[in-house]
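Listed here are the chains, written in short residue letters.
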Amino acid sequence: MEKAVRFKEVLDAARRRAASPDFEWYPYNSLSNVQHLETLLGAGHEYVMEAARAEGILDVGCGDGDLSLFFESLGYNVTCVDHPASNQNNMQGLRALHGELRSSINVREIDVDNEFPVEGKYGLAICLGLLYHLKNPFFVLEHLAQVSRYCVLSTRIARRLPDGTPMPEGHALAYLLGENELNLDDTNFWIFSEAALRLLLERTKWEVVEFFTTGHTGASDPVRPDRDERAFCLLKSHYGQQHLELGEGWHQVEDSGWRWTGKQFAARAAGRHSRITMRVFASPLSIEKFGSLTLRATIDGVEVQRLVMREPGIHMFERKIPRPAEATSVVFRWAILWGGGVGYSRELGIIVASLEFS
């Protein structure tokens, strides 16, 4: 946080030099979020910033670019994204600071509600205070999971309705704001309950690694300034099973995040775990053709009970790890292949929807 305080002085001086009657600066202190980032990335999560150092940072909904410029000052390669039509000053503030500080940040003008033309892989995505400004948060989070290994996210949440009625605890609810109902700002749309936010993250292929809330945590609501509660999350992408060390036998990720496998496929997870859970899909055509499908597995060299699928649809492979250690490896073997013959360009074994070590 000390570095952020010092850099704010640099930004304030740059703002004074670049001030213009043609636009107003973003009115909030974005660098105050650094203290929340330090809480999320406390001891034990150094690997997140190592990934950011190796693969870069994607800052989505960057405002005037304060956080992007701060991380650039620390030596990170940063790409920042915002949309002029919904930005406080049509992105003039970002452009002014970019020029004044002779920044090398890659600035992208994208309406992420409607398109997501971001390629490559980023070690860390930053998505602070953006989610409730999106019409299509599912779309954006799903695409972020495709291009980012980790994400720090914050958004406003609520525990009560505007009239004070408590939201049913544990239910995934979202409140759709009326025009100008929150801060007289018609770019505000969805305020989630905590349960809804967590489910949204799960559905868009994110694992919640750390989670805390700040503000009015007792009786927050979607509209009152004095009942503002913010959730801060450290997230890990599970899109295409990229959270694991994948070995042989995995094909490219499908748009849904599922992967086809070959006849044999393997994965490894660092850390001590006691259980493996995998969701696999048996198609109606495969059951009709073969009658039943059998999946075999060895965990750290020990063969475990096979999974037999006699009905189409999603099936669960859930097994205890025989000898928990500091890392676990699993090899799956599939007896029947769809591909490798006439009309197929690749060997196809089975579709894996998710694979978790817990």
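Residues numbered from 1 in each chain as written. Predicted model: local features only at pLDDT ≥ 70, side-chain atom pairs only at ≥ 80, totals over all residues. Heavy atoms only, no water.

(A) Region of the structure containing the overall build of the chain. Summing up its helical and strand segments, the chain has eight helices and 19 strands in all. When its C-alpha atoms are laid out on the principal axes, the chain stretches across 70 × 50 × 40 Å. The contacts of the chain with a sequence gap of at least 6 include a subset with a gap of at least 24, amounting to 68%. Here the chain displays about 17100 Å² of accessible surface, and carbon together with sulfur accounts for 47% of that area. If the 38 positive side-chain charges of the chain are averaged to one point and the 47 negative ones to another, these points end up 8 Å apart. (Helix = DSSP H or I, 4+ residues; strand = E, 2+ residues; numbered from the N terminus. Contact = heavy atoms within 4.5 Å. Areas by Shrake-Rupley, 256 points an atom, 1.4 Å probe, with all protein chains shown as cover. Lys, Arg positive; Asp, Glu negative; His and termini not counted. Charge placed at Lys NZ, Arg CZ, Asp CG, Glu CD.)

(B) Highlighting the nonpolar core. Ranked by size, the top nonpolar core spans 39 residues in total, and within it Met49, Ile57, Phe71, Leu124 and Ile126 carry the most contacts. It is helix 1 (residues 2-18) that contributes the most residues to this core, five residues altogether. In terms of nonpolar packing, the next biggest core, distinct from the first, is built from 32 residues, Leu58, Val112, Trp206 and Cys233 among them. (Core = buried A, V, L, I, M, F, W, Y, C linked by side-chain atoms within 4.5 Å. Buried < 20%, exposed > 50% of the residue type's maximum accessible area, 1.4 Å probe, protein only.)

(C) A look at the packing of helix 6 (residues 137-147) against helix 7 (residues 194-203). Axis separation between helix 6 and helix 7 bottoms out at 9 Å; the angle between their running directions is 50°. By the criterion of interaxial angle, the relationship of helix 6 to helix 7 is oblique. For the pair helix 6 and helix 7, the sense of crossing is right-handed. Side by side, helix 6 and helix 7 meet where Pro137, Phe138 and Leu141 of the first sit next to Leu200, Leu201 and Arg203 of the second. Residues of the contact of helix 6 with helix 7, tallied by class, amount to five nonpolar, no polar and one charged. (Axes fitted to C-alpha atoms, helices over the stretch in contact; angles between N-to-C directions. Parallel < 35°, antiparallel > 145°, perpendicular 65-115°, else oblique. Left-handed = near helix turned anticlockwise from the far one by under 90°. Nonpolar A, V, L, I, M, F, W, Y, C, P; charged D, E, K, R; others polar.)

(D) The sheet that holds strand 10 (residues 245-246), seen in detail. An order of 10-13-18-15-16 is seen for the five strands of this open sheet, with the pairing classed as antiparallel. Here the strands that pair on one side only, and so sit at the sheet edges, are strand 10 and strand 16 (302-309). (Pairing = 2+ DSSP bridges.)

(E) A look at the pairing of strand 5 (residues 148-157). Burial of strand 5 is extensive: nine of the 10 residues sit out of reach of the surface. Examined bridge by bridge, strand 4 (residues 122-128) and strand 5 share six bridges and lie parallel to one another. Residue pairing in the sheet places Ala125 in a bridge with Cys151 of strand 5. Read as a crossover between parallel neighbours, the route from strand 4 over helix 6 to strand 5 is right-handed. Note: strand 5 against strand 9 (residues 229-237), eight bridges, orientation antiparallel. Residue pairing in the sheet places Thr155 in a bridge with Ala231 of strand 9. (Right-handed = clockwise from strand over helix to strand, strands pointing away.)

None of this, on its own, says anything about what the molecule does.
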